[in-house]
Amino acid sequence: MEALYTALDQGKVGIFESPTGTGKSLSLICGALTWLRDYEEQMKQEAARLLDGPEKKCDAVKEENSSSQPSEPDWVSEFVQKKAERDMVNKLKDEELKRKKREERLEMIRHNAQLRYAMKRKVGEEDEAVKLLQLSKEGAESETHSPEEEGLIVAEYESDDEATPKSRLCDEDDDEDLEEDHVTKIYYCSRTHSQLAQFVHEVQKSPYGAAVRLVNLGSRQNLCINPEVVRLGNVQMMNDRCLEMQKNKHEKREKASDSETKRRRGVPKATCPFSGFENLMAMRDEVLVKVRDVEQLLQHGRETHTCPYYSTRMAIPAAQVVVLPYQSLLHASTRKASGIKLKDQIVIIDEAHNLTDTISAIHSTEISGGQLCRAHSQLSQYCERYRSRLKAKNLMYIKQILFVLEGLVRTLGGKVGQNPNTQSCQPGSELLTINDFLFKAQVDNINLFKVQKYFEKSMISQKLCGFVEKYEGSGVNTHSSSKNKENRRTEGLGRFLQTLQNKPIDVSEQQVAVEDKPIMASPMMLVESFLFALTNANKDGRVVIQKQACLSQSSLKFLLLNAAVHFAQIVQECRAVIIAGGTMQPVADFKEQLLFSAGVTEERILEFSCGHVIPPENILPIVLCAGPSGQQLEFTFQTRDTPQMMEETGRVLSNLCNIVPGGVVCFFPSYEYEKRILGHWENTGVLQRLQSKKKIFQEPKKASQVEQVLSDYSKCIQHCGDAGSGQTGALLFSVVGGKMSEGINFSDDLGRCIVMVGMPYPNIKSPELQEKMAYLDKNMPHIGGKSPGKALIENLCMKAVNQSIGRAIRHRGDYACIVLCDHRYARSGTLQKLPEWIRSSTHTHTTFGPAFASARRFFLEKRQRPPL
């Protein structure tokens, strides 16, 4: 906490390593919030001093200015100085007034329960009225399926500088609270929502839980309470639907205020009943008053019939702590859309062991040939239909986007305007620099920066999405009696758009689509993110052209090679950045690739690493070089598939299952190898031998089944411990980098022994990895005579190992044995990459006998003298 306080106070970039179970979250909370409390107090005193005696300050600054600028007349410098001083004092007074007003308002809500219930009752009454209104409209809505022609958002599309911004609510309301300055705050981000929820619960338990103003941000998928939007499931479709509803709400207001607008008959457009301005403002204050996790926000939102998604965003300026997922902080456009301002703020990135890869993944993007063709056809239809309503500037940019899409499809060997499912391609892959790809696509003469700006200002992606959804729905006209000329045009367009949805009749292909990603109404959002990726510097990215037999299955993938280019803005803008994790080793490549490349100097970096809270005798890490029959354990690509190696691994596991109580977790380097070795063991009877001692479980393929498997695994171990059955626990087969290797706790009897089979090196033949290695070799310095590319391979391997073996020890009284099955782990360079608390206790055994004896002794001692 002291090191953290120093880092925040001095504006450092801190790398903090603290193993799970050592109180990392609580230390981050208490250290950071103590600093924030002291800083706020210091700012208050400074403001009070300036407000009390501005004349003294003025005199001091006047003297300084007169000495530094003797050529200026006194009266000029005095006038300038007095004006600056007055402005500063006025600004301080405004800020102080806002702060007091905010604190009074929140204090009132905190203590005045009556006011809260009155608000709730008022909201309930309003909601009843809304429901009655909706019921009265239901009949009208069911009478027709054809929306009005005016509903295709052309009026707003007329102008590039429209009044309604992309993701803002209530922009015409000039309430001063909406323009509130951002107070100094801490942005805390982590990888998953479950980790964020864990952090929020720690804050609730901390000494600051009652007073801190904490806001929990999430996606619409996590925070939306509108059933009509929630049922869509897919994030992109939910975003589009929500934005559409917000736009309809603004249109409704504008039309209501325009007394000369004639009333039109037709379907009333859907608006969100949960986004009333007064309700949002009330919930914004409620969010700031009490620390809530996502579940509690949803519950509160449902009780008050108010949108948690928008009310949390409105609470950001006044919050002291903002809790958010990686994507919201690390992606610039998402930050902007969420209203996050990093200038002079504190950022804490937890679980940051894979930060470089995470940034690369967030900014890498892939789009298929089918999606490109669909986007082109939909935009062509949109342009054709509203040609007379679009301004020349808009038409020019739409034509440019269509031209770029043609070029992208051409690189895959296809043509737009034809069914992508029937177009065949020559299978193969090609990797190009950004410039070479633009030349190949023949779009190097298009200014993609201007196209990108047009996408942002015009919101063409969202509008095209609404256009497709509405006309697709009206394509199948059930009211055949009303087929005038206009309806026939609409029906034909709808049918055409449906054919562009790329939904083949073949059942097998339909199943693939369902199991994979849901098809969006319009893929233009993906096109937008792909074109944005192409604006990176030529050396910082590569494009992979992956051609399959069919154009719709072929794809273009952008790979970001230099993550530092997107991290630079964060470290430059923020007052301090804290990068924390349970296992941050190895740190050297992390500093080189992410921090130094982003312009951070060595002096600004502060490193802190602490050991584990468990006593050294509670952990037994073993490097096992040979099996029971003397066979050397070496799981290289050439030797790992031999029957001898597979059988020796089976014997190692069988022996360990005889002496380890509770659960054994065995990690394999890949799914492919797991399948192969388990198949071999089944044929040779090894699995039956293992089954007699431990019940066998296997990591599921689908993420939705993980909870069930873990629950069954846990119950089995508990049952074996209670009942005196022949089985002594359970054996779980897992994969490094899979669903069980991160974020899952195998504490106590769930993980008494972790077995690591081989070294999980990444696929060296992958073109993406080869390109990344070549980039590092060219742009990074060689350390210790080793090329950065080779160091990357080793570091990726050992980071994965560290994550997997760190699953076992989760608290102070826990104990476990860790067995690394491969003689290559004994190399000094490899051992150095293990966390210090594991490395210091590691024993290397060249033969199996002594290793087995030490493991047996370890568990016997624990059974006789259980730890506290």
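About the criteria used
- Residues numbered from 1 in each chain as written.
- Predicted model: local features only at pLDDT ≥ 70, side-chain atom pairs only at ≥ 80, totals over all residues.
- Heavy atoms only, no water.
- Helix = DSSP H or I, 4+ residues; strand = E, 2+ residues; numbered from the N terminus.
- Buried < 20%, exposed > 50% of the residue type's maximum accessible area, 1.4 Å probe, protein only.
- Contact = heavy atoms within 4.5 Å.
- Areas by Shrake-Rupley, 256 points an atom, 1.4 Å probe, with all protein chains shown as cover.
- Pairing = 2+ DSSP bridges.
- Axes fitted to C-alpha atoms, helices over the stretch in contact; angles between N-to-C directions.
- pLDDT = per-residue confidence, 0-100.
- Phe/Tyr/Trp six-rings, centres within 6.5 Å; stacked < 30°, edge-to-face > 60°.
- Left-handed = near helix turned anticlockwise from the far one by under 90°.
- Nonpolar A, V, L, I, M, F, W, Y, C, P; charged D, E, K, R; others polar.
- Arc of directions from axis to C-beta.
- Polar contact = N/O pair within 3.5 Å; in protein donor to acceptor, adjacent residues only side chain to side chain.
- Salt bridge = Lys/Arg side-chain N within 4 Å of Asp/Glu carboxyl O.
- Core = buried A, V, L, I, M, F, W, Y, C linked by side-chain atoms within 4.5 Å.

**Examining the overall build of the protein**
Turning to step 1, where the next piece is worked out: Within the protein, the regular secondary structure consists of 35 helices and 18 strands.
Turning to step 2, where the next piece is worked out: Put simply, the protein has 868 residues, and 50% of those count as buried.
Turning to step 3, where the next piece is worked out: The long-range share in the protein, meaning contacts at least 24 apart out of those at least 6 apart in sequence, stands at 81%.
Turning to step 4, where the next piece is worked out: Working note: accessible area of the protein is about 41200 Å², and carbon and sulfur atoms make up 51% of it.

**Here's the deal with the sheet that holds strand β11 (residues 605-609)**
Turning to step 1, where the next piece is worked out: Across the sheet, 7 strands lie side by side as β3-β4-β2-β5-β10-β1-β11; this open sheet has parallel pairing. The sheet terminates laterally at β3 (214-216) and β11, the two strands that pair on one side only. Each strand axis lies, on average, 15° off the axis of its neighbour in the sheet, ignoring direction.
Turning to step 2, where the next piece is worked out: For strand β2 (residues 186-190) and strand β5 (residues 346-349), the ladder comprises 4 bridges, and the chain directions are parallel. When the bridges of β5 are listed, Tyr 188 appears paired with Ile 348.
Turning to step 3, where the next piece is worked out: Running over the sheet, helix α25 (residues 564-573) touches β1 (13-17), β5 and β10 (576-581) and is turned about 120° from β10.

**Focus on the confidence of the model for the protein**
Turning to step 1, where the next piece is worked out: Residue-level pLDDT values for the protein average 75, and 75% of them are 70 or greater.
Turning to step 2, where the next piece is worked out: Across residues 259-267, where pLDDT falls below 50, the model places 9 contacts with residues more than four positions away in sequence or in other chains.

**A look at the packing of aromatic side chains**
Aromatic ring pairs are defined here through the distance separating the ring centres and the angle between the ring planes.
Turning to step 1, where the next piece is worked out: One pass over the full model with this rule turns up 14 aromatic pairs.
Turning to step 2, where the next piece is worked out: With a centroid separation of 4.9 Å and 15° between ring planes, the pair formed by Trp 35 and Tyr 39 is classed as stacked. A residue pair is termed a helical-turn pair when its members lie 3 or 4 positions apart in one helix, as Trp 35 and Tyr 39 do in helix α2 (residues 24-52) at 4 residues. The pair Trp 35 / Tyr 39 is uniform in exposure class, with both members buried.
Turning to step 3, where the next piece is worked out: Taking 6.0 Å as the distance between ring centres and 50° as the angle between the ring planes, the aromatic pair formed by Trp 681 and Phe 733 counts as tilted. Residue Trp 681 is located in helix α28 (residues 671-684), and its partner Phe 733 is located in strand β15 (residues 729-735); the two are separated by 52 residues in the primary sequence.
Turning to step 4, where the next piece is worked out: Put simply, the rings of Phe 668, Tyr 673, Trp 681 and Phe 733 pair up and form one aromatic cluster.

**What to know about the packing of helix α18 (residues 392-411) against helix α20 (residues 448-458)**
Each packed pair of helices is defined by two parameters, the angle between the axes and the distance between the axes.
Turning to step 1, where the next piece is worked out: At a minimum axis separation of 11 Å, α18 and α20 run at an interaxial angle of 115°. Here the hand of the crossing between α18 and α20 comes out left-handed. Contacts between α18 and α20 involve Asn 394, Tyr 397, Ile 398, Gln 400 and Ile 401 from the first element and Lys 450, Val 451, Tyr 454 and Phe 455 from the second.
Turning to step 2, where the next piece is worked out: Residue composition of the contact of α18 with α20, by class: 6 nonpolar, 2 polar and 1 charged.

**Some words on α20**
Turning to step 1, where the next piece is worked out: Within the sequence span of α20, burial applies to Leu 448, Val 451, Gln 452, Tyr 454, Phe 455 and Ser 458. When α20 is viewed along its axis, its buried side chains cluster within an angular range of 160° and face the same direction. Away from its buried face, by an angle of more than 90 degrees, α20 presents the exposed residues Phe 449 and Lys 453.
Turning to step 2, where the next piece is worked out: Its side-chain oxygen 3.0 Å from the backbone nitrogen of Phe 449, Asn 447 forms the N-cap of α20.
Turning to step 3, where the next piece is worked out: Remark: Met 459 follows α20 within two positions and exhibits a positive phi of approximately 55°.

**A short note on the sheet that holds strand β17 (residues 816-821)**
Turning to step 1, where the next piece is worked out: Reading across the sheet, the 7 strands line up as β14-β15-β13-β16-β17-β12-β18 and stay open at both edges, with parallel pairing between neighbours. Among the strands making up the open sheet, the edge pair consists of β14 (694-698) and β18 (843-845). Each neighbouring strand pair of the sheet contributes to a mean axis angle of 20°, computed without reference to strand direction.
Turning to step 2, where the next piece is worked out: Sheet topology places strand β12 (residues 619-624) next to β17; 6 bridges connect them, and they run parallel. For Val 623, the partnering residue across the bridge sits in β17 and is Leu 820.

**Looking at the environment of Leu 820**
Turning to step 1, where the next piece is worked out: Along the polypeptide, Leu 820 turns up in strand β17.
Turning to step 2, where the next piece is worked out: Note: C-alpha distance between Leu 820 and Pro 621 (199 residues apart in sequence) is 7.7 Å.
Turning to step 3, where the next piece is worked out: Beyond its immediate stretch of four places on either side in the chain, Leu 820 contacts Ile 622, Val 623, Leu 624, Met 756, Val 801, Ile 805, Tyr 825 and Leu 834.

**Structural notes on the pairing of β1**
Regular strands place their side chains on alternate faces of the sheet.
Turning to step 1, where the next piece is worked out: Of all the 5 residues making up β1, 5 are buried; the element is thus mostly covered by neighbouring parts of the structure.
Turning to step 2, where the next piece is worked out: The side-chain alternation of β1 yields two buried faces, one formed by Val 13, Ile 15 and Glu 17 and the other by Gly 14 and Phe 16.
Turning to step 3, where the next piece is worked out: Taken together, the 5 bridges between β1 and β11 define a ladder with parallel strand orientation. Considered in β11, the bridge of Phe 16 is made with Phe 608.

**A few points about the pairing of strand β4 (residues 321-325)**
Turning to step 1, where the next piece is worked out: The element β4 is extensively covered by neighbouring structure, given that 5 of its 5 residues are classed as buried.
Turning to step 2, where the next piece is worked out: Burial along β4 is two-sided: Val 321, Val 323 and Pro 325 and Val 322 and Leu 324, pointing in opposite directions, are all buried.
Turning to step 3, where the next piece is worked out: Pairing between β2 and β4: 5 bridges, direction parallel. Paired with Cys 189 across the bridge in β4 is Leu 324.
Turning to step 4, where the next piece is worked out: Two elements, β3 and β4, share 3 bridges in a ladder whose sense is parallel. Bridge pairing links Val 215 to Val 322 in β4.

**Here we look at the pattern of salt bridges**
Turning to step 1, where the next piece is worked out: Within this structure, the stated rule accounts for 17 salt bridges.
Turning to step 2, where the next piece is worked out: In this structure, Asp 38 and Arg 37 form a salt bridge, with 3.5 Å as the shortest nitrogen-oxygen distance.
Turning to step 3, where the next piece is worked out: By relative accessible area, Arg 37 is classed as partly exposed at 47%.
Turning to step 4, where the next piece is worked out: Salt-bridge contacts for Arg 676 lead to Asp 641; the nearest nitrogen and oxygen are separated by 2.7 Å.

**A word on helix α29 (residues 686-693)**
Turning to step 1, where the next piece is worked out: For α29, every residue scored as buried is listed here: Val 686, Leu 687 and Leu 690. Along the long axis of α29, the arc covered by the buried residues comes to 95°, so they all point the same way.
Turning to step 2, where the next piece is worked out: Buried residues along α29 sit in contact with α27 (643-659), α28, β14 and β15.

**Observations regarding the packing of helix α16 (residues 355-363) against helix α26 (residues 588-595)**
Turning to step 1, where the next piece is worked out: Their axes nearest at 10 Å, the elements α16 and α26 cross at an angle of 35°. Of the residues in α26, those touching α16 at Leu 355, Thr 356 and Ile 359 are Phe 590, Gln 593 and Leu 594.

**Describing the environment of Thr 684**
Turning to step 1, where the next piece is worked out: One can find Thr 684 in helix α28.
Turning to step 2, where the next piece is worked out: Linking Thr 684 and Gly 650, residues 34 residues apart in sequence, is a C-alpha distance of 10.0 Å.

**Some thoughts on the side chain of Arg 313**
Turning to step 1, where the next piece is worked out: Looking at the element boundaries, Arg 313 is found in helix α13 (residues 308-314).
Turning to step 2, where the next piece is worked out: The buried category is assigned to Arg 313, whose relative accessible area is 13%.
Turning to step 3, where the next piece is worked out: Those residues in contact with Arg 313 that sit more than four places away from it in its chain are Leu 217, Gly 218 and Ser 338.

**A closer look at the nonpolar core**
Turning to step 1, where the next piece is worked out: Of all hydrophobic cores here, the largest spans 63 residues; its most connected members are Leu 330, Ile 349, Leu 355, Phe 567 and Ile 579.
Turning to step 2, where the next piece is worked out: The biggest single contributor to this core is helix α11 (residues 277-289), with 6 residues.
Turning to step 3, where the next piece is worked out: Sequence-distant contacts of Ile 579, defined by excluding residues within four places in its chain, comprise Val 13, Gly 14, Ile 15, Phe 16, Ile 349, Ala 352, Leu 355, Phe 567, Met 584, Phe 590 and Leu 595.
Turning to step 4, where the next piece is worked out: One finds Phe 455, Val 468, Phe 530 and Leu 534 within the second-largest nonpolar core, a separate group that totals 47 residues.

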